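# Structural overview for review
Each chain is listed here by its residues.
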Amino acid sequence: MTMALEIFRALADATRLRILALLRRMELSVGELAQVLGQSQPRVSRHVKILCDAGLAERRKEGSWVFVALGTPSAVEPIAAALDAWAKAEPDHWAVADAARLAAVRADRAASAAAWFEGHADEWDAIRSLHVAESEIEAAMAAVLGAAPMETLIDIGTGTGRMLELFGGRAKVALGIDRSSEMLRLARAKLHDMAHAELRQADLYALPLEDAAADVAILHHVLHFAQQPGAAVSEAARVLAPGGRLLIADFASHDREELRLRDAHTRLGFADEQMAAWFAGAGLHTARVETLEGGELTVKLWLGRKVGASLREVKAA
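Summary of the structure given here. Bear in mind that the values here come from a model prediction, so they are computed numbers and not experimental data. (Residues numbered from 1 in each chain as written. Predicted model: local features only at pLDDT ≥ 70, side-chain atom pairs only at ≥ 80, totals over all residues. Heavy atoms only, no water.)

### Section: the sheet that holds strand β5 (residues 171-178)
Within the open sheet, the 7 strands sit side by side as β6-β5-β4-β7-β8-β10-β9. Their pairing is mixed. The open sheet has two edge strands with one neighbour each: β6 (197-201) and β9 (284-292). Pairwise comparison of adjacent strand axes, ignoring direction, gives a mean angle of 15° for this sheet. Sheet analysis places strand β8 (residues 240-251) next to strand β10 (residues 299-306), joined by 7 bridges and oriented antiparallel. The residue bridging Arg245 from the neighbouring strand is Arg305, located in β10. Along the sheet face, helix α12 (residues 272-281) touches β8, β9 and β10 and points at about 20° away from the line of β10. (Pairing = 2+ DSSP bridges. Helix = DSSP H or I, 4+ residues; strand = E, 2+ residues; numbered from the N terminus. Axes fitted to C-alpha atoms, helices over the stretch in contact; angles between N-to-C directions. Contact = heavy atoms within 4.5 Å.)

Shown next, in the form of structure tokens:
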């Protein structure tokens with residue numbers, strides 16, 4: 001009864017109903033909500049706090065920005081079903097207007113992303129020219145992961161969200177983690193139509209998940225930036241359920257010292273033996289290794305599997 005009272009009190013306001021409807025479409029910053037609603041940020045923040053206190057929304061701070069997403073499914077899903085049913089009987093003129101302004105927010109995100117990529121194109125092209133085409137790497141990753149659906153996918157160091165864009169459609173929950181708020185804003189611009197994708201600012205050494213929460217984790221061209229790559233592998237393994245898989249795409253050992261100086265690569269690639277040792281130390285066994293040659297740098301794919309039977313295997317037994 002207490003939970004129901006808190007929820008209905010929180011929704012007893014037209015603005016908060018509009019906010020909930022917007023969050024069902026996409027995660028938004030407080031500033032973006034204010035832009036769509038045509039209200040001041042302090043006023044919107046007060047409404048957001050009431051929704052968060054009722055479990056209908058949650059806030060995440062990223063740098064100087066605060067993003068708002070839907071709250072716990074147990075609180076949101078019954079309300080969403082009721083709102084959908086009522087909307088069929090009574091059209092909502094606010095929903096039409098808010099949708100139009102939301103399209104403007106999406107356009108702003110896309111424009112900001114395009115400007116960032118244009119400003120950094122030379123840096124990206126310089127590194128990409130040294131190895132096999134990204135399309136070949138992505139095709140090889142897809143082959144290694146296979147076509148089976150996923151429960152929870154976590155992309156660690158998601159950057160612009162490319163891995164979620166590629167594989168997130170096969171997962172019930174797709175979570176992207178990155179330390180950079182700028183990268184997360186770029187990812188949001190790319191993933192605004194993927195309703196089940198979630199982006200969080202966090203460190204790869206302290207992932208915001210419980211033990212055994214995911215069945216697939218990806219580290220795509222991330223590990224060579226890590227000061228402690230073995231610790232990053234162990235943390236990724238921690239959040240995998242038994243039978244879960246960790247796929248790492250990165251460079252084989254090389255001697256291109258300028259990448260360390262020019263592009264902040266902490267590690268100049270990795271040897272199979274070193275990766276196997278990190279896997280073993282993290283409770284993973286090496287299930288597959290792929291080598292992708294075709295440039296001055298060789299790209300490797302390492303697939304590790306968490307020791308123990310998967311949840312699906314347990315249920316089937």
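### Concerning unusual backbone geometry
If you check the backbone angles, Ala212 has positive phi at about 60° while not being a glycine. With respect to the helices and strands, the residue Ala212 is situated in the loop between β6 and β7 (214-220). With relative accessibility at 38%, the residue Ala212 sits in the partly exposed group. The phi dihedral of His221 falls on the positive side, at around 50°, and the residue is not glycine. Within the fold, His221 resides in the loop between β7 and α10 (229-238). On the basis of relative accessible area, His221 is assigned to the buried category, the value being 14%. (Buried < 20%, exposed > 50% of the residue type's maximum accessible area, 1.4 Å probe, protein only.)

### Notes on the packing of helix α3 (residues 30-37) against helix α4 (residues 41-53)
Contact geometry of α3 with α4 gives a least axis separation of 9 Å together with a crossing angle of 110°. Here α3 lies roughly perpendicular to α4, going by the angle between them. The residues of α4 that touch α3, namely those facing Val30, Gly31, Leu33, Ala34 and Leu37, are Gln41, Val44, Ser45 and Val48. Residues belonging to the contact of α3 with α4 are distributed by class as follows: 6 nonpolar, 3 polar and no charged. (Parallel < 35°, antiparallel > 145°, perpendicular 65-115°, else oblique. Nonpolar A, V, L, I, M, F, W, Y, C, P; charged D, E, K, R; others polar.)

### A short note on the packing of helix α2 (residues 14-25) against α3
Orientation of α2 relative to α3, taken along the N-to-C sense of each, is 120°, at an axis distance of 11 Å. As for how α2 packs across α3, the hand of that crossing is right-handed. Facing Thr15, Arg18, Ile19 and Leu22 of α2, the residues of α3 in contact are Leu33, Val36 and Leu37. Looking at side-chain class alone, the contact of α2 with α3 contains 5 nonpolar, 1 polar and 1 charged residues. (Left-handed = near helix turned anticlockwise from the far one by under 90°.)

Read these as geometric descriptors, not functional statements.
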